[in-house]
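Below are the chains, spelled out letter by letter.
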Amino acid sequence: MTTLEILEYYANLLIIQYVGKPKAYATIKYLVAQIVMDQLPIDVQNAFNIDTAVGAQLDILAKYAGVTRSGNGFTGPITLD
């Protein structure tokens, strides 16, 4: 789910007395947005986990380690994944 879909999902869970109230809808979206954004640092940390990283994340990790993901082996070019 995208962030927008998550916000809409929770905003649409308002009880009947608050349906159609723009301030209540906006308040729920604001509160959920804060919770979702609080998880952003954890998502970034997990994206650069050496055991689960893929693609560009592996390139960045290799740069920090001072190695490259591609090179030449006995049989020709190789790319680490």
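For the structure itself, look to the data block above.
Rules used in this analysis
- Residues numbered from 1 in each chain as written.
- Predicted model: local features only at pLDDT ≥ 70, side-chain atom pairs only at ≥ 80, totals over all residues.
- Heavy atoms only, no water.
- Helix = DSSP H or I, 4+ residues; strand = E, 2+ residues; numbered from the N terminus.
- Buried < 20%, exposed > 50% of the residue type's maximum accessible area, 1.4 Å probe, protein only.
- Contact = heavy atoms within 4.5 Å.
- Areas by Shrake-Rupley, 256 points an atom, 1.4 Å probe, with all protein chains shown as cover.
- Salt bridge = Lys/Arg side-chain N within 4 Å of Asp/Glu carboxyl O.
- Axes fitted to C-alpha atoms, helices over the stretch in contact; angles between N-to-C directions.
- Parallel < 35°, antiparallel > 145°, perpendicular 65-115°, else oblique.
- Left-handed = near helix turned anticlockwise from the far one by under 90°.
- Nonpolar A, V, L, I, M, F, W, Y, C, P; charged D, E, K, R; others polar.
- Arc of directions from axis to C-beta.

Secondary structure summary: the protein chain contains four helices and two strands in total. Shown N-terminal to C-terminal, the secondary structure of the protein chain runs as helices and strands in the order α-α-α-α-β-β. Looking at the protein chain as a whole, 15% of its 81 residues are labelled buried. Partitioning the intrachain contacts of the protein chain with sequence separation of at least 6 by distance along the chain shows that 14% fall at a separation of at least 24. For the protein chain, the computed accessible surface area is about 6,800 Å², with 63% contributed by carbon and sulfur atoms.

Let's shift gears to the pattern of salt bridges. In total, this model carries one salt bridge according to the counting rule given. With its nearest N and O atoms 3.1 Å apart, the salt bridge here joins E8 to K29. Linking E8 in helix α1 (residues 3-11) with K29 in helix α2 (residues 22-38), this pair joins segments that are 21 residues apart in sequence. Note on E8: relative accessible area 25%, which makes it partly exposed.

Looking now at the environment of A26. Mapping A26 onto the fold places it in helix α2. Under the relative-accessibility criterion, A26 is labelled partly exposed at 44%. Distance from A26 to A11, taken between C-alpha atoms, is 7.8 Å for residues 15 residues apart in sequence.

Across the interface, α1 lies against α2 with an axial gap of 9 Å and an inter-helix angle of 135°. Considered as vectors, α1 and α2 are oriented oblique to each other. Classified by chirality, the crossing of α2 by α1 is right-handed. In this structure, α1 contributes T3, I6, L7, E8, Y10 and A11 to the contact, and α2 contributes Y25, I28, K29, V32, A33, V36 and M37. Here the contact of α1 with α2 is built from residues that sort into 10 nonpolar, one polar and two charged.

This next bit is on helix α4 (residues 56-65). Those residues of α4 that fall on the buried side of the exposure criterion are L58, L61 and A62. The buried residues of α4 all sit within an arc of 100° when viewed along its axis, so they share a single face. In α4, those exposed residues whose orientation departs by more than 90 degrees from the buried face are K63 and Y64. Backbone geometry just downstream of α4 places G66 in the positive-phi region, at approximately 80°.

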